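Architecture and fold: a report
Listed below are the residues making up each chain.
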Amino acid sequence: DPLALASGTLPFLQVVVPPSSIIYLYFIGPYHDLQAIDACWEELLSYAWHNKLLHDHTQYLAEILDDEEISEQRHCRYHAAITVDQLPEVLPGLFLSKTLDTGPYLHFSFEGQLTNTDDFYRQIYQQWLRTMPEEPNEGSILEFYQQDELNADLGTIDIIIPVVA
């Protein structure tokens, strides 16, 4: 069950994310450039579909590597990714692969307008600064999406934020 620290706080889970093999395309620029991010997703999913990499157990995720509050927006890095059973030896073009690190995370669940999570992130970090005993880690934030919601306006995003062990 989600933990709630006090009334009015966002529920969260403490989780350990296992190592995951992913292939991804990267985008560098403002996270609000949804047209460019959607193009990354379309290219990634087309490649994955043509190469029979999509399965019932495939996870769809974004790896968010920079904080727009700290980094210049034009330098922010975003990876559109899917999990794969094993890392390929060679990938064409701009496709890359890696294994995501394992570690402790806090899991928050966002439900609503998928193109506008800014207020939810603000709530997380305002709550964190006031009440959370866990210290944020420098690692990437992961956002997991449901396959059928990748092009939807409304849905659920599992937001996974790394914390210090």
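Here, the structure is the one placed above.
Residues numbered from 1 in each chain as written. Predicted model: local features only at pLDDT ≥ 70, side-chain atom pairs only at ≥ 80, totals over all residues. Heavy atoms only, no water.

Looking now at helix H1 (residues 34-50). The end-to-end C-alpha separation of H1 is 24 Å, in line with the 24 Å expected for 17 residues at 1.5 Å each. Within the sequence span of H1, burial applies to Ile37, Cys40, Trp41, Leu44, Tyr47 and Ala48. For H1, the arc enclosing every buried residue in end-on projection is 135°, short of the 170-degree limit, so these residues lie on one face. Exposed residues on H1 whose side chains face more than 90 degrees from its buried face are Gln35, Glu42, Trp49 and His50. (Helix = DSSP H or I, 4+ residues; strand = E, 2+ residues; numbered from the N terminus. Expected span 1.5 Å × (residues − 1). Buried < 20%, exposed > 50% of the residue type's maximum accessible area, 1.4 Å probe, protein only. Arc of directions from axis to C-beta.)

Glancing now at the side chain of His79. When you line up the elements, His79 lands in strand S4 (residues 77-83). With relative accessibility at 8%, the residue His79 sits in the buried group. Residue contacts for His79: discarding those within four places in its chain leaves Tyr24, Leu25, Tyr26, Leu61, Ala62, Glu63, Leu65 and Lys98. (Contact = heavy atoms within 4.5 Å.)

Side chains that carry opposite charge are capable of pairing whenever their charged atoms lie near each other. One pass over the structure, following the stated rule, counts 2 salt bridges. For Glu63, the salt bridge goes to Lys98, with nearest N and O atoms at 2.8 Å. One end of the pair, Glu63, is in strand S3 (residues 60-64); the other, Lys98, is in strand S5 (residues 96-100), with 35 residues separating them in the sequence. What makes Glu63 buried here is its relative accessible area of 4%. On the basis of relative accessible area, Lys98 is assigned to the partly exposed category, the value being 24%. Arg122 is the partner of Asp119 in a salt bridge, and the nearest nitrogen-oxygen pair spans 3.5 Å. Taken together, the residues Asp119 and Arg122, both in helix H2 (residues 118-131) and 3 residues apart, mark about one turn of the helix. (Salt bridge = Lys/Arg side-chain N within 4 Å of Asp/Glu carboxyl O.)

Once that is clear, we can look at the sheet that holds S5. Hydrogen bonding along the main chain pairs the strands of a sheet, whether they run parallel or antiparallel. Strand order in this open sheet of 8 strands is S1-S6-S8-S7-S3-S4-S2-S5, and the pairing throughout is antiparallel. Only two strands of the sheet have a single neighbouring strand rather than two, namely strand S1 (13-17) and S5. For this sheet, the mean angle separating the axes of adjacent strands, direction not counted, is 35°. (Pairing = 2+ DSSP bridges. Axes fitted to C-alpha atoms, helices over the stretch in contact; angles between N-to-C directions.)

Turning next to the packing of aromatic side chains. The geometry of two aromatic rings is summed up by the distance between their centres and the angle between their planes. Summed over the entire model, instances satisfying the criterion amount to 4 aromatic pairs. Note on Trp41 and Tyr145: the rings are 5.9 Å apart at their centroids and 90° apart in plane angle, and the pair reads as edge-to-face. Of this pair, Trp41 sits in helix H1 while Tyr145 sits in strand S7 (residues 141-145), placing them 104 residues apart in sequence. This pair shows no difference in class: Trp41 is buried, exactly as Tyr145 is. Centroid distance Phe110 to Phe120: 5.3 Å. Interplanar angle 65°. Geometry classified as edge-to-face. Highlighted residues: Phe110 in strand S6 (residues 103-113) and Phe120 in helix H2, separated in sequence by 10 residues. We classify Phe120 as buried; its relative accessible area is 10%. Over the ring of Tyr24 we find Lys98, and its NZ or CZ is 5.5 Å from the ring centre. (Phe/Tyr/Trp six-rings, centres within 6.5 Å; stacked < 30°, edge-to-face > 60°. Lys NZ or Arg CZ within 6 Å of the ring centre and 35° of its normal.)

Its place among the elements puts His57 in the loop between H1 and S3. Taking C-alpha positions, His57 is 9.4 Å from Asp85, a pair spaced 28 residues apart along the chain. If we ignore the near neighbours within four places in the chain, the residues touching His57 are Thr83 and Asp85. There is a polar contact of 2.8 Å between the side chain of His57 and the side chain of Asp85. (Polar contact = N/O pair within 3.5 Å; in protein donor to acceptor, adjacent residues only side chain to side chain.)

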